[in-house]
Amino acid sequence: MKEIGIVAIGGYEEIGRNMTAIRIGHDILIMDMGLRLDRVQIHEDTDVERLRPSELISMGAIPNDSVMKDVDGKVRAIACTHGHLDHIGAISKLAHKYRAPIIGTPFTADLIRQEMEAEKLQGTKNEVVVMNAGKSKQIAPDIELEFIRVQHSIVDCVFAAVHTPRGVILYSNDFKMDRSPTLGQPPDFARLKKLESEGVLALITETTNAGVSGKTPSEQIAKDLVWDVLMGTEETKSGVLMTTFSSHIARIRAIIEAAHEMGRKPVLLGRSMEKYWGTAKRVGYAPKSDNLPVYGRRKSVDKFFKRMMQEGKDKYLPIMTGHQGEPGAVLSRVASGETDYQLESGDKVIFSAGIIPQPLNVSNRHIVETKLKMKGARVYDNVHVSGHACVEDHWELLRMINPEHVIPSHGTFQSHGKYLSMAEDTGYELGYTFHIMRNGQELVLP
């Protein structure tokens, strides 16, 4: 029987720069190649195209894949579970080394192509293969890759089920057990339940919210929260500004619907809003024929704010970048007085996003909120539900598939420890069936 190894390349001791290699004998499948966004002080308005991989590795911004030199085998494919930058943002810097096809769902694949085309240094030419959820592909004689539909805060997210001679390795970064999503279908629970009978050798799982009790609320709850807040502002003539994740197409669609109901014209502002909305239109997650104004470049954003001030704040609902307080994002510029938008007492600023749990984000967001409040704005915080599983969702998945081994990833040692506490309640034992890894290590499954 061929040896099976799990190589932790990135994301095993932090939030971000996810990268895992699954080795079956001498054949290797790489899962994800992501950025650690706070290390380059960016989130969705990213501009790392001109930085060299060695610079980004030394900054701790992309995975240090030098460990792969000691792994005996050939990379047969690179698979990405979804399109967030902490899972695909390093592809343009690292994928060319492996000369292997990159596999993703339609929305993910489109974003990967954009990352590769924007790259200024590496000239990454890997083939990008589109595979829908519910489909499978033979990667090597002993490796079959299957995509299983799941929900997250970005469309077209999947679990990757890696079928091997010893059973399935389920790679579950990232997910939530949302049974009533507002865009797309619920997770494929029927397929997940069947995996148990096929035998799950190992579960590699994110632990971002493993220390948060209860279940993660459905995106339908977030839509209701957004509508409740916005409908409470419709009688006023004051300005209303929204910020959310540019990649969260379901959330943006909910805000657009609410804007129309209020009688305000929705407008998307910021480079990444332009990028993700354009992708959504191309792959069918947003109407191709909509006349929604989208302004990505700084000059066009500034021109819009000038027009908005002339025509009246109550005519528009701007939806903009800057939910983490990122320097240079549209909301940060508004808060600093760098645009023609004049913040006045009573203007409402709605954050439809939680703070990604890293110190830089907390600091940046605090600065922006403070500046907004100093100018008299009413700040609505955390009109949002997470895209990550909480402890009861993790419990549900664990009991559903009953893996022999559990390997936490995409989290800190603190969140891994929280997951361990839950897993021990189901009989897993640290060092035997539960394995906490550090970046750079390989675990050979017994």
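Please refer to the structure higher up on the page.
Residues numbered from 1 in each chain as written. Predicted model: local features only at pLDDT ≥ 70, side-chain atom pairs only at ≥ 80, totals over all residues. Heavy atoms only, no water.

1. Section: the overall build of the protein
Summing up its helical and strand segments, the protein has 13 helices and 19 strands in all. On C-alpha atoms alone, the protein measures out to a radius of gyration of 22 Å, which is about the 22 Å that the 2.2 N^0.38 rule sets for 446 residues. Looking at the protein residue by residue over its 446 residues, the buried ones come to 60%. When the accessible surface of the protein is summed, it comes to about 17,300 Å², and 47% of that surface belongs to carbon and sulfur atoms. Side-chain charges in the protein split into 55 positive and 57 negative, and the spacing between the mean points of these groups amounts to 6 Å. (Helix = DSSP H or I, 4+ residues; strand = E, 2+ residues; numbered from the N terminus. Rg over C-alpha atoms; globule rule 2.2 N^0.38 Å. Buried < 20%, exposed > 50% of the residue type's maximum accessible area, 1.4 Å probe, protein only. Areas by Shrake-Rupley, 256 points an atom, 1.4 Å probe, with all protein chains shown as cover. Lys, Arg positive; Asp, Glu negative; His and termini not counted. Charge placed at Lys NZ, Arg CZ, Asp CG, Glu CD.)

2. Regarding the sheet that holds strand β7 (residues 136–140)
Reading across the sheet, the six strands line up as β7-β8-β9-β10-β11-β18 and stay open at both edges, with mixed pairing between neighbours. In the strand order of this sheet, the two ends are held by β7 and β18 (405–409), each with one partner. Taken pair by pair, the neighbouring strands of this sheet meet at an average axis angle of 20°, ignoring direction. Sheet analysis places strand β8 (residues 143–149) next to strand β9 (residues 158–164), joined by six bridges and oriented antiparallel. The partner of Arg-149 across the bridge, within β9, is Val-158. (Pairing = 2+ DSSP bridges. Axes fitted to C-alpha atoms, helices over the stretch in contact; angles between N-to-C directions.)

3. Focus on the pairing of β7
Strand direction decides the pairing type here: β7 and β8, joined by four bridges, are antiparallel. For Gln-138, the partnering residue across the bridge sits in β8 and is Glu-144. Between β7 and β8, which pair antiparallel and follow one another directly, the connecting turn spans two residues.

4. Points about the sheet that holds strand β4 (residues 74–79)
The seven strands lie next to each other as β6-β5-β4-β3-β2-β1-β19, forming an open sheet whose pairing is mixed. In the strand order of this sheet, the two ends are held by β6 (128–130) and β19 (442–444), each with one partner. Sheet twist, expressed as the mean angle between neighbouring strand axes with direction ignored, is 25°.

5. So, the side chain of Asp-174
Topologically, Asp-174 is positioned in the loop between β10 (167–172) and α5 (189–198). A polar contact is formed between the side chain of Asp-174 and the side chain of His-87, at a distance of 3.0 Å. Side-chain polar atoms of Asp-174 contact the side chain of His-410, separated by 3.3 Å. (Polar contact = N/O pair within 3.5 Å; in protein donor to acceptor, adjacent residues only side chain to side chain.)

6. Section: unusual backbone geometry
One can expect most non-glycine residues to show negative phi and most peptide bonds to be in trans. In this model, Asn-173 is joined to Asp-174 through a cis peptide bond whose omega is 0°. The backbone of Asn-382 sits at a positive phi, close to 60°, despite the residue not being glycine. With relative accessibility at 41%, the residue Asn-382 sits in the partly exposed group. One non-glycine residue, Asn-402, lies in the positive phi region at around 45°. Relative to the elements of secondary structure, Asn-402 occurs in the loop between α12 (391–401) and β18.

Any functional reading would require information beyond the geometric quantities listed.
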